[in-house]
Protein chains: 2
Amino acid sequence: MSVPTSTRQWVLSRHPTGLPVLDGPEPTFSLQTVDLPPVGDNQVLVRTRYFSNDPAQRGWIGNVKPERMYIAPVKLGEFMKSGGIAEIVESKAAGFEKGKLVTAFALGWREYAVLDAKDLSLVPEVEGIKETQYLGALGFTGLTGYYGIKEIAEAKPEHVVVVSGAAGATGSMVVQIAKKLIGCKKVIGIAGGDSKCAWVKSLGADECLNYKSPTFRKDLKAATPDYADVYFDNVGGEILDMTLPRMKQGGVVAVCGAISAYNSTEGQLLRNWFEVISMRLQIKGFILLDFLAQGKAKDTVMELATAAKQGKLTIGDENETVVEAKFEDVPKTWLTLFEGGNTGKLVTKL
Amino acid sequence: MSVPTSTRQWVLSRHPTGLPVLDGPEPTFSLQTVDLPPVGDNQVLVRTRYFSNDPAQRGWIGNVKPERMYIAPVKLGEFMKSGGIAEIVESKAAGFEKGKLVTAFALGWREYAVLDAKDLSLVPEVEGIKETQYLGALGFTGLTGYYGIKEIAEAKPEHVVVVSGAAGATGSMVVQIAKKLIGCKKVIGIAGGDSKCAWVKSLGADECLNYKSPTFRKDLKAATPDYADVYFDNVGGEILDMTLPRMKQGGVVAVCGAISAYNSTEGQLLRNWFEVISMRLQIKGFILLDFLAQGKAKDTVMELATAAKQGKLTIGDENETVVEAKFEDVPKTWLTLFEGGNTGKLVTKL
């Protein structure tokens, strides 16, 4: 195969106000072909193998000020940002041989890309762990759960912990870290559907509540007779609102995501805001990048991988949903995130 | 004057769902006359001179579970809780002589009451400071502002601080403590009306914004070109929502009150919730009682009184609005709190 000189890429053509639109006269993204630059020193040319699909990407394409974002938002006409795993096709960087797989935060929705070696990590070759796990359970989402539950929420063995989005990529790791690594007294997952809940319980959750059930509000109350010390919030919205009255005095809400709000123009309606005052709650937003900047991620990945090998964490096929797709369908696959269909990390395989 | 054997009192007759209702077929409160118990050992009989009017009182009369309140809520048929200043009419408690004034958190909307001496504090007789100030600037509201801005928000000299309800009892103290005691770089008050704002600026605020102005949103943006480190929130609602996008990364929102929400059945609509995540904000609810339990209040009152004597704090007639009212009009006077009419602490003088 000759080395390609051009690539297809998905660019942002319009800032969406609600849910991104794929068809019709004003689509959010458009597909284009561009020339590839030559491979310079300390650079590699890669071919994309997998894309990471993350709700946070929705936050990068709104019409917001760069200074208010934790990473530079995607401008109109720029390729859509996305992390992923790619294979090295050509290399001018020592230690990055042709044929090796790398994880790249700056990959973007591109079939091929020329990237700086400093922005890449070689995918570790550890027995029994699939490469795609380094996008999820052993990648950014797993690390988000780890630092969120340990350093932001400061969950302790004596704590009752509630985790929303518990069947999601981050939530499924939070449940396991809380129950099996920290040893929390009670871990209650919240997920959408009975089969998702069954999986969350198999991961170690003491209970898992189906938020689509008509009895959910009652179930949440019944599951927290002594209230909760920690709420790890992946979803925001009505579930956050219903959880506030179930928090113990001085409880901590670690705000990791607000998937219910990303595509909403309506805002977050909190009927139980007064609980923040009367119960002296602490609501703490956080971003993984702050922890990555501390340089501890490599050790943490090793801690998690070791725990997995020892059977203390379940990191297997059920931690991820790998969807095979053509490059034309990359945005469509990503959008299924917001339908709540996936279990664990949603990965697109090209 | 003979010692009274009965008293009039206002009791809770219905839990309000929105704004309390004074007239019509289903009033929130009703007036009744009850016998007074005999004065026991270590008790006093007092005659009410002043009532403290506090937005928090609204939170005590909702139909909520006692375990979810920081003080026991008022039950149907019980007298309405209220702090106040009363004069001792008869005493069987050492150190509490007839004729002395006391502050009493447990006074309630009663003309006369028999109280335990342990629940009373003698009003200090300090030159130049009026007795009513011990209900406001030197009472619970001033202490709330002090601990909120110093220990919850941890405001520092290099900080930009925004204070809502800045012309209110707590807010007017927060502005002064932030600017004149801590020495914050910039203190921005938010208040309802130009004359209130003029007063807030006279207290030391660098700027004061009138939230009733049609240009308020723009004004808030213009006042925070480098964003704010601390937001001391007395009001909640739309002003909280508008302030979230003006917070600096890692900023702290100290949630002291939510006056806009107390009488609302609609809840708190936060369109800018995502800022909590992207800017890693910390939202911290707090309650004065936790600090009182630490036993530091007496020293803090002395610190504030000393600062006032040295001219570092303005504690005068403009810190309070004393409204003379008949006992029949006590609820009506209290309700004016929610109309935003008062400047500083609203006190009812019987």
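About the criteria used
- For every chain, the first residue of the written sequence is number 1, and numbering continues from 1 onward in sequence order.
- Chain labels run from A onward and ligand labels from 1 onward, assigned in the order the entries are written.
- In keeping with the model being predicted, local features are shown solely for residues with a pLDDT of at least 70 and side-chain atom pairs are shown and tallied solely at 80 or more, while totals for entire chains, interfaces and linings include all residues.
- Side-chain metrics rest on all non-hydrogen atoms present in the structure, leaving aside hydrogens and water.
- Any residue with an atom within 4 Å of a point lines the site, the site being either a cavity, points on a 1 Å grid over the protein atoms alone where a 1.4 Å probe fits but cannot get out, or a pocket, an open set with protein on both sides within 12 Å along at least 5 of 7 lines.
- Grid points are joined across faces, edges and corners, and a volume is the space filled by probe spheres set on the points.
- Per the convention used, a helix needs a DSSP run of H or I reaching at least four residues, while a strand needs a run of E reaching at least two, with both numbered from the N terminus.
- Ten residue types, Ala, Val, Leu, Ile, Met, Phe, Trp, Tyr, Cys and Pro, are classed as nonpolar, four, Asp, Glu, Lys and Arg, as charged, and the remainder, Gly among them, as polar.
- Residues are treated as being in contact if the distance between any of their heavy atoms lies within 4.5 Å.
- Throughout, the accessible surface (probe 1.4 Å) given up by two parts as they are put together, summed over both, is called the buried area.
- Within this document, salt bridges are pairs made up of a side-chain nitrogen of Lys or Arg and a carboxyl oxygen of Asp or Glu, the two lying within 4 Å of each other.
- Nitrogen and oxygen atoms within 3.5 Å of one another constitute a polar contact, given that in protein one can donate a hydrogen and the other can accept it, and given that sequence-neighbouring residues count only through two side-chain atoms.
- Every angle, taken between N-to-C directions, lies between 0 and 180 degrees, and every axis is a line fitted to C-alpha atoms, over only the stretch in contact when it is a helix.
- Throughout, the term roughly parallel applies to angles under 35 degrees, roughly antiparallel to angles over 145, roughly perpendicular to angles from 65 to 115, and oblique to all others.
- Left-handed describes a crossing whose near helix is turned anticlockwise from the far helix by less than a right angle; the clockwise case is right-handed.
- Only protein chains enter the accessibility calculation, which uses a 1.4 Å probe; a residue is then buried when its area is under 20% of its type maximum, exposed when over 50%, and partly exposed in between.
- The least-squares superposition of copies is restricted to C-alpha atoms, and to residues with a pLDDT of at least 70 in both copies.
- Should DSSP find at least two bridges between two strands, the strands are regarded as paired.

A. Region of interest: empty space enclosed by the protein. Residue and element names in this part refer to chain B. The full count for this structure, using the stated rule, is one cavity of 30 Å³ or more. Of the pockets and cavities examined, the largest cavity occupies roughly 30 Å³. In terms of lining, the largest cavity is formed by Gly 136, Ala 137, Ala 169, Ser 172, Met 173, Asn 319 and Lys 345. With three residues, the top contributor of residues to the lining of the largest cavity is helix H3 (residues 169-182). Among the residues forming the lining of the largest cavity, the class breakdown is three nonpolar, three polar and one charged.

B. Spotlight on the interface of chain A and chain B. Taken together, the 41 residues of chain A in the interface contact 42 residues of chain B. Between chain A and chain B, the buried area comes to about 3500 Å², and carbon and sulfur atoms account for 58% of it. At the boundary of chain A and chain B, one finds two salt bridges. When the shortest N-O distance is used, the salt bridge between Arg 280 of chain A and Asp 290 of chain B registers 2.7 Å. Taken together, the links from chain A to chain B amount to five residue pairs in polar contact (both at pLDDT 80 or more). Mapped by element, the contributors of at least two residues to the side of chain A that touches chain B are strand S12 (247-255), strand S13 (268-270), helix H8 (274-278) and strand S14 (282-285) of chain A. Here the side of chain A that touches chain B gets five residues from one element, more than from any other, and that element is H8 of chain A. Looking at side-chain class alone, the side of chain A that touches chain B contains 22 nonpolar, eight polar and 11 charged residues.

C. Structural view of the packing of helix H2 (residues 140-152) of chain B against helix H10 (residues 297-309) of chain B. Residues and elements named next belong to chain B. Close contact between H2 and H10 brings their axes to 11 Å; oriented N to C, the two are set at 95°. For the element pair H2 / H10, the angle class is roughly perpendicular. Here H2 contributes Gly 142, Leu 143, Tyr 146, Tyr 147 and Lys 150 to the contact with H10, which in turn contributes Ala 297, Thr 300, Val 301, Glu 303 and Leu 304. Residues of the contact of H2 with H10, tallied by class, amount to six nonpolar, two polar and two charged.

D. Seen up close, the packing of H2 of chain B against H3 of chain B. All names here are of chain B. Two elements in contact, H2 and H3, have axes separated by 8 Å at closest approach and are oriented at 50°. On the basis of the axis angle, H2 is oblique to H3. Of the two elements, H2 crosses H3, and the hand of that crossing is right-handed. Between H2 and H3, the residues in contact are Thr 141, Gly 142, Thr 144, Gly 145, Tyr 146, Ile 149 and Lys 150 and Ala 169, Thr 170, Met 173, Val 174, Ile 177, Ala 178 and Ile 182, respectively. Residues belonging to the contact of H2 with H3 are distributed by class as follows: eight nonpolar, five polar and one charged.

E. Looking closely at unusual backbone geometry. At Asn 42 of chain A, a residue that is not glycine, the phi angle is positive and equals roughly 60°. Judged by relative accessible area, which is 52%, Asn 42 of chain A ranks as exposed.

F. How the structure looks around the pattern of salt bridges. A complete count under the given rule lists 30 salt bridges over all chains for this structure. For Glu 320 of chain A, the salt bridge identified is with Lys 130 of chain A, shortest N-O distance 3.2 Å. Of this pair, Glu 320 of chain A sits in strand S15 (residues 320-324) while Lys 130 of chain A sits in the loop between strand S7 (120-122) and helix H2 (140-152); the two residues are 190 residues apart in sequence, bridging distant segments of the chain. On the basis of relative accessibility, which here comes to 42%, the residue Lys 130 of chain A falls in the partly exposed class. The partner of Lys 186 of chain B in a salt bridge is Glu 207 of chain B, and the shortest N-O contact between them spans 3.2 Å. In this pair, Lys 186 of chain B sits in strand S9 (residues 186-191) while Glu 207 of chain B sits in strand S10 (residues 207-210), placing the two residues 21 residues apart along the sequence. Taken together, the shared-partner salt bridges in this structure form one network comprising Arg 47, Arg 49, Glu 87 and Glu 131 of chain A.

G. Structural view of the relation of the copies chain A and chain B. Structural alignment of chain A on chain B gives an RMSD of 0.0 Å, achieved by rotating through 180° and translating 0.0 Å along the axis. Between the two chains, the operation in question is that of a two-fold axis. Relative to the rotation axis, the C-alpha of Leu 269 of chain A is the closest in chain A, positioned 2.1 Å from it. A symmetric contact is evident, with 100% of the interface residues of chain A recurring at the interface of chain B.

H. Summary view of the environment of Thr 144 of chain A. Residue and element names in this part refer to chain A. With respect to the helices and strands, the residue Thr 144 is situated in helix H2. In the structure, Thr 144 is positioned 88 residues away from Ala 56 in sequence and 12 Å away in space, judged by C-alpha atoms. In this structure Thr 144 touches Thr 170, Phe 232, Cys 256, Phe 286 and Leu 288, once residues within four positions along its chain are discounted.

I. Local environment of the pairing of strand S1 (residues 6-12) of chain A. Residue and element names in this part refer to chain A. With five of its seven residues buried, S1 lies for the most part within the structure. Inspection of the sheet shows S1 paired to strand S2 (residues 29-35) by seven bridges, in the antiparallel sense. Across the sheet, the residue bridging to Arg 8 is Thr 33, located in S2.

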